Amino acid sequence: MKNYISDVIVQLSSNEVSFRQERLYVNKLNIILVQVLKHEWPARWTTFIPDLIAAARSSETICENCMAILKLLSEEIFDFSRGEMTQQKIKELKGSLNSEFRLIHELCLYVLSVSQRPELVRATLATLHAFLSWIPIGFIFESPLLETLLKFFPIAAYRNLTLQCLTEVAALHFGDFYDMQYVKMYAVFMVQLQAILPCGTISDGYAIGSNEEQAFIQNLALLLTSFFKNHMRILETTPENRAALLLGLDYLIEISFVDDTEMFKVCLDYWNLFVLELFETYNQVERLMELQKLQTQLIPGTDDGTLIAVQHRRQLYAVSLSKLRTLMICRMAKPEEVLIVEDENGNIVRETLKDNDVLVQYKIMRETLIYLSHLDHEDTEQQMLRKLSKQLNGEDWSWNNLNTLCWAIGSISGSMVEEQENRFLVLVIRDLLNLCEITKGKDNKAVIASNIMYVVGQYPRFLRAHWKFLKTVVNKLFEFMHEMHPGVQDMACDTFLKIVQKCKRKFVTLQVGENEPFVSVLLSNLPTTIADLEPHQIHSFYESVGQMIQAESDNTKREEYLKRLMSLPNQKWVEIIGEAGRSTDILKNQDVIRSVLNILQTNTGVACSLGPYFFPQISVIFLDMLTVYRMYSELVSNTISEGGPFASKTSFVKLLRSVKRETLKLIETFLDKAEDLPHLGKQFVPPMMDPVLGDYARNVPDARESEVLSLFATIINKYKGEMLEEVPRIFEAVFQCTLEMITKNFEDYPEHRLKFFSLLRAIGTHCFQAFIQLSSQQLKLVMDSISWAFRHTERNIAETGLSLLLEILKNFEASGFQNQFYKTYFLNIEQEIFAVLTDTFHKPGFKLHVSVLQHLFYVVDGLTEPLWDASAVPSQFTNNAMFVRDYTIKLLSSSFPNMTPVEVAKFVDGLFSSKTDPPNFKNHIRDFLVQSKEFSAQDNKDLYAEEAAAQREKERQRMLSIPGLIAPNELQDEMVDS
């Protein structure tokens, strides 16, 4: 092998070798290196590096090729070897390479000091770059390496490679031992940078620069962000260092303005960390100082010097932070609520697809701007108002400038104290409304309308406190609902709903200077307001008005408002039902079917808002709905039976089924929200048994609506034990026929799968007595179906099956039938759960797997009948725990042949010893899985899902403590009206 490598090196040194041939040789050499690393390294390592270094000193051409080999070597060991070599082998190789790096280090420094061959110098810098992140730190700071790199930085041919090397050094952090070297490196670098690229020339230079020049700016961004993340504090210590630090921040801000998305992301990630650290430091000290005022004893770390130091840091970065606010305002990403965008041709259109990258970027920018606002509310407000005034006077008018400004204004909602926010918003909304009035052109008005709607939707607290503004804004939204420009009507309806949800009481209260509540005026003008809206927009509008009516506390007024709201759809409904009474053929007309569907969808929107107060309306249409449902169901079934399997795909059948689904959705929505009317279960369920349940049982599979299953799951969850008498009929109608549909494979009828097990879970939780009353054959079918569910590859179905199993196990334990049940099912459940726990495909269900196993191991001591066949093995076991231990060891030993019997027995004993301690039981199983061969090389984050969820909740609580960090319209707050 050594001779073969030497031959390749010699061949590579030939001046006659073409570039294409050279790359082939390098690729061949790479393959050889992989083989050596994996199989033959230990025997050949001791001479490999010295031989390579010796060959390198023979000529510059061979030296260049040796540099390529060394670079490949580093990459193979540390970049590409994960999953190919064990961690222990990588550690051994790294240790060996460390011991030999002195020779590599000497060679690199020698080449950089004497070589005049550009290709060799570049190869050497590239090799250094590959090694710098992991070599012993002394080779960097206790040698001339840094000075040598800085010497090459001004030379254009080596600039980018040098920057990459310096970035690797900047990313290292070893306490404060080498702080002075870092300060010196930064100071020299900044002096050189000013000569190469004066501050203020970056944006223009990048736009017209070559690929190499643009790469330089990108590498500069990486270096500065990396250095500031790790070493910023050491630059705050002296005036000279502070000046260089602020200059570096100016460079980074200027780079952030460059129109390059990937580079901006790099900068943005750093700016977010930078302002978060400043904000948290200042906020923490401020809070401690407030506590100090309330207490007589001194809180450690809160002396005046601490506060002064923090204030000095704020002053130090004040100018940089102001520039950063300008950056965030000018480059703010588009929020999710904005539906109107500029296409590639410069036209204003409705957005058709959300860009997730932009949404992530908006979230980070919004958070950053919130921190910046808290650090200086005045500067934030003044910058925004100045930019808005330039929009009004035309000095800075453009779609993009107005958009980013308004998106930034909306993003800081909740960060100011209420008085300041009120003053600020009065000016903003006034100016935006004026801008809409004075600006000509459909596209221009659409852009301004979009921004008005976005801003007002973000400030519900302000609107609640200012009725005249709220009324003006809502009336403006009504104007936008007549605007036919793509996206404007949708956004108007969305914004109207968002505002009403947070300000609904204002619309039903008689305001000063008004003759009647706003909702009454709205209902009087309803036909005109919705005249130009599409059906889906009308449904949203009705849902919004339903929110208003729900806020009315007077029952008589509320019912009157509801009657007025529903007069238009009810009038159409009565007309259709009347014609159907004369001839049912009218209901087969597709225009009529669409009208029925729209009426039902409108009702669903209002039911969603009104909850139990929707009762007067649903009582009017309920029985007629069931009649239409039955007729359409028979029509669907007949069409599919006569037309074959493809008939279910026709537009006519799809339309009929849409009506059926919407009927079920309307009833489910109402019953789910009618928590204050317990008698409704008895009133509404019996009339549905045959038209809905009977129809489901009678229909062909392709005509069965999965919403039937979710409807009855909702009914049982809502009315619990009151539905016990109805459960046998529900079982009879849906159980057998649904299982036949969903157990043939894992793909067909996906909606039925999840909803079927949700129904079973509802029954198991609230009507468990129904399970006890099943025959043994029926119960076996239930248990088999549950096993089938948690083996499913669809996460929601598997988790629903596991949750249902856990409910049944707990209920059987307290039922008096636990011995019979567990004797039949204990071993099968344990085997099935261990199968999915250890197959690596069902890791998201880990928490529930553990809960089921913990319950099984806990309950086994309380069982009085043996789980084994006592007649076959009369004397081997004295109790169930002994039997289960033996059974589990055998089960796992067969599943994990790579583990020793002692290891398996230790694991099983640990299960028994921790069965009363759920956290330890979970950790014991997780450790076993992580150590097993099947899980060792996999992504096991799902095994830590509970901890991750706890961390997310902790982060949310942190965000809730910072005003504005969670947008006001995202908070599920109590309605507060002034």
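As the structure is a prediction and not an experimental result, all values here were calculated from the model.

### Some details on the overall build of the protein
Point 1. Tallying secondary structure elements over the protein gives 45 helices and two strands in all.
Point 2. Counted over contacts in the protein with a minimum sequence separation of 6, partners at least 24 positions apart contribute 74%.
Point 3. Carbon together with sulfur atoms contributes 53% to the accessible area of the protein, which is approximately 44600 Å² in total.

### Looking at helix 30 (residues 615-643)
Point 1. For helix 30, which comprises 29 residues, the first-to-last C-alpha distance of 40 Å matches the rise-based estimate of 42 Å (1.5 Å per residue) to within 8%.
Point 2. Gly644, located one to two residues past helix 30, shows a positive phi value of around 85°.

### Considering the environment of Phe731
Point 1. Mapped onto the elements, Phe731 comes out in helix 34 (residues 727-742).
Point 2. Residue classification places Phe731 among the buried residues on the basis of a relative accessible area of 11%.
Point 3. C-alpha separation for the pair Phe731 and Ile763, spaced 32 residues apart in sequence, amounts to 9.7 Å.
Point 4. If we skip the residues at most four places from it in the chain, Phe731 touches Gln736, Leu760, Ile763, Phe771, Leu774 and Val782.

### As for helix 39 (residues 818-837)
Point 1. With 20 residues, helix 39 extends only 24 Å from end C-alpha to end C-alpha; this falls clearly short of the ideal 28 Å at 1.5 Å per step.
Point 2. Of all the bends in helix 39, the greatest measures close to 50° and is centred on Tyr825.

### Quick look at the packing of aromatic side chains
Point 1. Within the structure shown, the criterion is met by 42 aromatic pairs.
Point 2. Aromatic pair Trp467 and Phe507: ring centres 6.1 Å apart, planes at 70°, arrangement edge-to-face. On the criterion of sequence distance, the pair formed by Trp467 in helix 22 (residues 467-480) and Phe507 in helix 23 (residues 488-508) is long-range, its members being 40 residues apart.
Point 3. Residue Trp467 is classed as buried on the basis of its relative accessible area of 11%.
Point 4. Centroid distance Trp868 to Phe883: 5.6 Å. Interplanar angle 40°. Geometry classified as tilted. Note that Trp868 is positioned in the loop between helix 40 (846-859) and helix 41 (880-895) and Phe883 in helix 41, a separation of 15 residues in sequence. In terms of burial, Trp868 and Phe883 fall into one category: buried.
Point 5. An aromatic cluster of three or more residues is present, and its members are Phe731, Phe735, Phe756, Phe757, Phe768, Phe771, Trp788, Phe812, Phe821, Tyr822, Tyr825 and Phe826.
Point 6. Sitting over the ring of Phe216, Arg159 keeps its end group 5.7 Å from the ring centre.

### As for the environment of Pro144
Point 1. Relative to the helices and strands, Pro144 resides in the loop between helix 6 (138-141) and helix 7 (145-152).
Point 2. A residue is classified by how much of its surface remains accessible, and Pro144, at 47% relative accessible area, is partly exposed.
Point 3. The spatial distance from the C-alpha of Pro144 to the C-alpha of Leu109 is 8.0 Å, given a sequence separation of 35 residues.

### Points about the packing of helix 18 (residues 399-411) against helix 20 (residues 442-457)
Point 1. Taken N-terminus to C-terminus, the directions of helix 18 and helix 20 make an angle of 10°; their axes are 9 Å apart at the nearest point. As the angle between them shows, helix 18 and helix 20 are arranged roughly parallel. Listed contacts from helix 20 to Trp399, Leu402, Asn403, Cys406, Trp407, Ile409, Gly410 and Ser411 of helix 18 are Asp443, Asn444, Val447, Ile448, Asn451, Tyr454 and Val455.
Point 2. When grouped by side-chain class, the residues that make up the contact of helix 18 with helix 20 number nine nonpolar, five polar and one charged.

### So, the pattern of salt bridges
Point 1. In this structure the tally under the stated criterion is 34 salt bridges.
Point 2. Salt-bridge contacts for Arg233 lead to Glu277; the nearest nitrogen and oxygen are separated by 3.1 Å. Placement of the pair is Arg233 in the loop between helix 11 (211-231) and helix 12 (239-256) and Glu277 in helix 13 (residues 261-294), with a sequence separation of 44 residues.
Point 3. The class of Glu277 is partly exposed, set by a relative accessible area of 29%.
Point 4. Residue Glu751 is joined to Lys755 by a salt bridge in which the shortest nitrogen-to-oxygen separation is 3.6 Å. Linking Glu751 with Lys755, this pair stays in helix 35 (residues 750-766), spanning four residues, or about one helical turn.
Point 5. A residue is classified by how much of its surface remains accessible, and Glu751, at 47% relative accessible area, is partly exposed.
Point 6. Residues participating in the shared-partner salt-bridge network are Arg657, Lys660, Arg661, Asp695, Glu705, Glu707, Glu751 and Lys755.

### Re the environment of Met263
Point 1. Residue placement: Met263 occurs in helix 13.
Point 2. Assessed through its relative accessible area of 4%, Met263 is described here as buried.
Point 3. Here the alpha-carbon distance between Met263 and Gln218, two residues 45 residues apart in the chain, equals 6.2 Å.
Point 4. Apart from the residues within four sequence positions on either side, Met263 is in contact with Tyr206, Ile217, Gln218, Ala221, Ile255 and Val258.

### Brief notes about unusual backbone geometry
For residues besides glycine, phi is generally negative; the peptide bonds are generally trans as well.
Point 1. At Lys720, a residue that is not glycine, the phi angle is positive and equals roughly 50°.
Point 2. The topology assignment puts Lys720 in the loop between helix 33 (706-719) and helix 34.
Point 3. The backbone of Tyr749 sits at a positive phi, close to 50°, despite the residue not being glycine.
Point 4. Turning to its location among the elements, Tyr749 is positioned in the loop between helix 34 and helix 35.
Point 5. What makes Tyr749 partly exposed here is its relative accessible area of 23%.

### Observations regarding the side chain of Gln511
Point 1. Counting through the fold element by element, Gln511 comes out in the loop between helix 23 and helix 24 (518-524).
Point 2. Given the relative accessible area of 14%, Gln511 is considered buried.
Point 3. In this view, Gln511 contacts Trp467 and Lys506; residues no more than four positions away in its chain are not counted.

### Brief notes about the nonpolar core
Point 1. If you look at the biggest cluster of nonpolar residues, it comprises 310 residues, and the most contacted ones within it are Phe228, Trp271, Phe274, Phe496 and Phe712.
Point 2. Setting aside its immediate chain neighbours within four residues, Trp271 contacts Leu249, Leu252, Ile253, Ser256, Leu324, Leu327, Met328 and Thr368.

### Quick notes on the side chain of His105
Point 1. Mapped onto the elements of the fold, His105 is located in helix 4 (residues 87-114).
Point 2. Filtering out sequence-adjacent residues up to four positions away, His105 remains in contact with Phe139, Ser143 and Leu145.

### What to know about the packing of helix 23 against helix 26 (residues 535-550)
Point 1. Direction vectors running N to C along helix 23 and helix 26 enclose 10°, while the axes themselves pass 7 Å from each other. Here helix 26 runs roughly parallel to helix 23, going by the angle between their axes. Side by side, helix 23 and helix 26 meet where Gln489, Asp490, Cys493, Phe496, Leu497, Val500, Gln501, Lys504, Phe507 and Val508 of the first sit next to His536, Gln537, Ser540, Phe541, Glu543, Ser544, Val545, Gln547, Met548 and Gln550 of the second.
Point 2. For the contact of helix 23 with helix 26, a count of residues per class yields nine nonpolar, eight polar and three charged.

### What to know about the confidence of the model for the protein
Point 1. With 84% of its residues at a pLDDT of 70 or more, the protein shows a mean pLDDT of 84.
Point 2. Across residues 37-43, confidence stays below pLDDT 50; counting only partners more than four residues off in sequence or on other chains, it has 16 contacts.
Point 3. Here residues 934-938 is modelled with pLDDT under 50, and outside its nearest four sequence neighbours on either side it reaches 14 contacts, counting other chains as well.

Cut-offs used in this document
- Residues numbered from 1 in each chain as written.
- Predicted model: local features only at pLDDT ≥ 70, side-chain atom pairs only at ≥ 80, totals over all residues.
- Heavy atoms only, no water.
- Helix = DSSP H or I, 4+ residues; strand = E, 2+ residues; numbered from the N terminus.
- Contact = heavy atoms within 4.5 Å.
- Areas by Shrake-Rupley, 256 points an atom, 1.4 Å probe, with all protein chains shown as cover.
- Expected span 1.5 Å × (residues − 1).
- Buried < 20%, exposed > 50% of the residue type's maximum accessible area, 1.4 Å probe, protein only.
- Bend = angle between axes of the 7 residues up to and from the residue.
- Phe/Tyr/Trp six-rings, centres within 6.5 Å; stacked < 30°, edge-to-face > 60°.
- Lys NZ or Arg CZ within 6 Å of the ring centre and 35° of its normal.
- Axes fitted to C-alpha atoms, helices over the stretch in contact; angles between N-to-C directions.
- Parallel < 35°, antiparallel > 145°, perpendicular 65-115°, else oblique.
- Nonpolar A, V, L, I, M, F, W, Y, C, P; charged D, E, K, R; others polar.
- Salt bridge = Lys/Arg side-chain N within 4 Å of Asp/Glu carboxyl O.
- Core = buried A, V, L, I, M, F, W, Y, C linked by side-chain atoms within 4.5 Å.
- pLDDT = per-residue confidence, 0-100.

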